[in-house]
Every structure is written in C-alpha cells, then in structure tokens.
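# Commentary on secondary and tertiary structure
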Amino acid sequence: MATFGLGIIGTWQIPDNTITTAKILDGTILDADMSFRTLKKVAETTLVAQATTITFTGLDINTDQEYFIVVNWLNSAAGNTTLSMYVNNDTTATNYYCEEGFDSGAGRTVANINDARVAGITNAGAVSGIGVLFRDVTGNPRASFNTTELATTLVRNYSYAMVKTATVANITQLDFTASAANGLDVGTRITIYGSTASGV
C-alpha cells in the first residue's frame, strides 16, 4: 500500500498490487483500485444582518468523519471580541477547555480558558481562519483553529486548542457565538466541510 500525504485534505492510498502498467496504459484504473478522502461542503451561512450566534443543525460527524471549518468573521464590536464554538446546544462555557495562543510584534501570550473559544479579535475588523473538529477515540469533541487578524498595520495570529469535557455519541449541532451582542457583522461567512472516504 503506497500512501501519499495531502496535508489537511488527507491521504491517497494506492494498493500496490492493483495498479499495473497495463491498467495505466488502457485507462482501466477504477475507484476500486484507489482509496482517497475528499472534502464536501455540508453547510454554509453568510450573514445578511448582524447576529450574535450562527447555528448549524442537521450535522452528522459520524457520517462526515471530521469537519474542516473556514471562518471569515467581520467583527462589528468596537473592542475585544471572541468567538466560541459550542457543540450540540451545550452553551455552558465551563463544559469546555481551551488554550489560546496570541502572537504579535510584542511576542507570544498563552492562556488556558474555560470556554469553547476558536477565534478572537482586538477591535472592529476582519478575522479569517481555518479549523478542524472531530470526536477523539474516547468520544470527546476536539478542535484546533488558527486565525489571523489585521489590526491597522499589525497582523495578529491566534491559535486555539479546544476540547469539550463530556463525551458525545455524535456532533449534530454547532453554535458559533460572539462574546459581544451582534458581534457577527453583515458579510460574516462560516463554511463547514465534511471528510468522506472513497474507493477501497
């Protein structure tokens, strides 16, 4: 079995004994001859009015395996605002742990927080980033996010590692909630991709 890394997208796996020169020449390589993972869009919301929370329902991580989440957040609040991602309608912050890393020209700051935080911004403006969410081997939801903020002439980078303290049988709902009322401005877009396997 030959495996080729594709970074965040996954890996291609080719059973060595099924790919022959003859198949390559006559074009008879089929899906069954290969194993690979692809991303499919399972949900997306773009705000047309300010909001405090964006909710996604009808998810099924047991089918989708893991979620790759793209956040394009426009913060309408004037000061520091954070974005939390709550699982299965559990919006109690103390049911989550998060390690937040913040990089700027002044150095790096790290803090441990009781919350489901996945993004932050220091003023009104835009944040973009990507994260991955999955159930670990014990059933706890875990996520890792990296986001970037442009603040005047400074670029600030944030990293988040988040875990829900309780196990879940599935992930069917995600709530993205700003710490400031109506902190999600018009144009904010969140897209969720699921990872699916094809072939053998």
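Preceding this paragraph is the structure being described.
All residue numbers here refer to positions counted from 1 along the written sequence of the relevant chain. pLDDT decides what is reported in this predicted model: residues at 70 or higher carry local features, side-chain atom pairs at 80 or more are listed and counted, and totals for whole chains, interfaces and linings draw on all residues regardless. Only hydrogens and water are set aside when side-chain values are computed; all heavy atoms of the structure are taken into account.

Basic side-chain nitrogens of Lys or Arg form a salt bridge, by our definition, when they fall within 4 Å of a carboxyl oxygen of Asp or Glu. Inspection of the entire model under this criterion finds eight salt bridges. Of the charged contacts in the structure, one is a salt bridge between K41 and E44, with a shortest N-O distance of 3.4 Å. Residue E100 is joined to R117 by a salt bridge in which the shortest nitrogen-to-oxygen separation is 3.6 Å. Of this pair, E100 sits in strand β7 (residues 96-104) while R117 is found in strand β9 (residues 117-121), placing the two residues 17 residues apart along the sequence. In this structure E100 comes out as buried when scored by relative accessible area, which is 14%. Secondary structure elements are taken from DSSP: a helix is a run of H or I of four residues or more, a strand is a run of E of two residues or more, and numbering for both begins at the N terminus. Summary of the burial criterion: residues with accessible area below 20% of their type's maximum are buried, those above 50% are exposed, and those between are partly exposed, where the area comes from a 1.4 Å probe applied to protein chains only.

Turning next to the environment of G187. Mapped onto the elements, G187 comes out in the loop between β13 (174-178) and β14 (189-199). Residue classification places G187 among the partly exposed positions, given a relative accessible area of 36%. The spacing of G187 and N75 is 112 residues in sequence and 9.9 Å in space, taken between C-alpha atoms.

Let us look at the side chain of N75. Tracing the backbone shows N75 in strand β5 (residues 67-75). Taking relative accessible area as the criterion, N75 reaches 3% and is therefore assigned buried. Residues contacting N75, with those up to four places away along its chain left out, are T81, I121, N123, A124, G125, G183 and D185. Contacts were defined at the residue level, with two residues in contact if any of their heavy atoms lie within 4.5 Å.

Here T188 lies in the loop between β13 and β14. On the basis of relative accessibility, which here comes to 1%, the residue T188 falls in the buried class. Counted as a polar contact is a pair of N or O atoms within 3.5 Å, where, for protein atoms, one must be capable of donating a hydrogen and the other of accepting one, and residues adjacent in sequence contribute only when both atoms are in side chains. A distance of 2.9 Å separates the side chain of T188 from the backbone oxygen of D185, its partner in a polar contact. Beyond its immediate sequence surroundings of up to four residues, T188 is in contact with T45, T46, L47, I54, N72, W73 and L74.

The next thing to look at is the sheet that holds strand β6 (residues 81-87). Two strands are said to pair when DSSP picks up at least two bridges between them. The four strands lie next to each other as β4-β13-β6-β9, forming an open sheet whose pairing is antiparallel. Edge positions in the sheet fall to β4 (53-56) and β9, since each of these pairs with one other strand and no more. Strand-to-strand, the axes of this sheet are offset by a mean angle of 15°, without reference to chain direction. Where β4 and β13 come together, four bridges link them in antiparallel fashion. Here the axes come from fitting lines to C-alpha atoms, over the contacting stretch only for helices, and the angles between their N-to-C directions go from 0 to 180 degrees.

Our next topic: the environment of T148. Inspection of the secondary structure assignment puts T148 in strand β11 (residues 141-151). Owing to a relative accessible area of 35%, T148 belongs among the partly exposed residues under this scheme. Separated by 21 residues in the primary sequence, T148 and V127 place their C-alpha atoms 5.6 Å from one another. The residues touching T148, leaving out its near neighbours within four places in the chain, are A126, V127, S128, V155, R156 and N157.

The nonpolar side chains of a soluble globular protein tend to be buried, and buried together. Core analysis: the largest hydrophobic core is formed by 37 residues, its most contacted members being I69, M85, L133 and L174. In this structure L174 touches I54, T55, F56, L59, I69, M85, Y86, V87, L133 and I192, once residues within four positions along its chain are discounted. Residue types Ala, Val, Leu, Ile, Met, Phe, Trp, Tyr and Cys, when buried and joined through side-chain atoms within 4.5 Å, form a set referred to as a nonpolar core.

On to unusual backbone geometry, then. Even without glycine at this site, Q65 takes up a positive phi of about 75°. You can see Q65 is positioned in the loop between α2 (61-64) and β5. For Q65, a relative accessible area of 33% gives the class partly exposed. The backbone phi angle of N182 is positive, close to 55°, even though this residue is not glycine. Along the chain, N182 turns up in the loop between β13 and β14. Judged by its relative accessible area of 35%, N182 is partly exposed.

Attention now goes to the packing of aromatic side chains. Classification of ring pairs rests on two measures: the distance between centres of Phe, Tyr or Trp rings, Trp counted by its six-membered ring, which must be within 6.5 Å, and the angle between planes, read as stacked under 30 degrees, edge-to-face over 60 and tilted in between. Going through the model one piece at a time under the given rule, you end up with four aromatic pairs. Ring geometry for F56 against F176: centres 5.9 Å apart, planes inclined by 90°, an arrangement best described as edge-to-face. Separated by 120 residues along the polypeptide, F56 in strand β4 and F176 in strand β13 bring together distant segments of the chain. Under the relative-accessibility criterion, F176 is labelled buried at 0%.

So, to be careful, I would describe these as geometric facts and stop short of saying anything about function.
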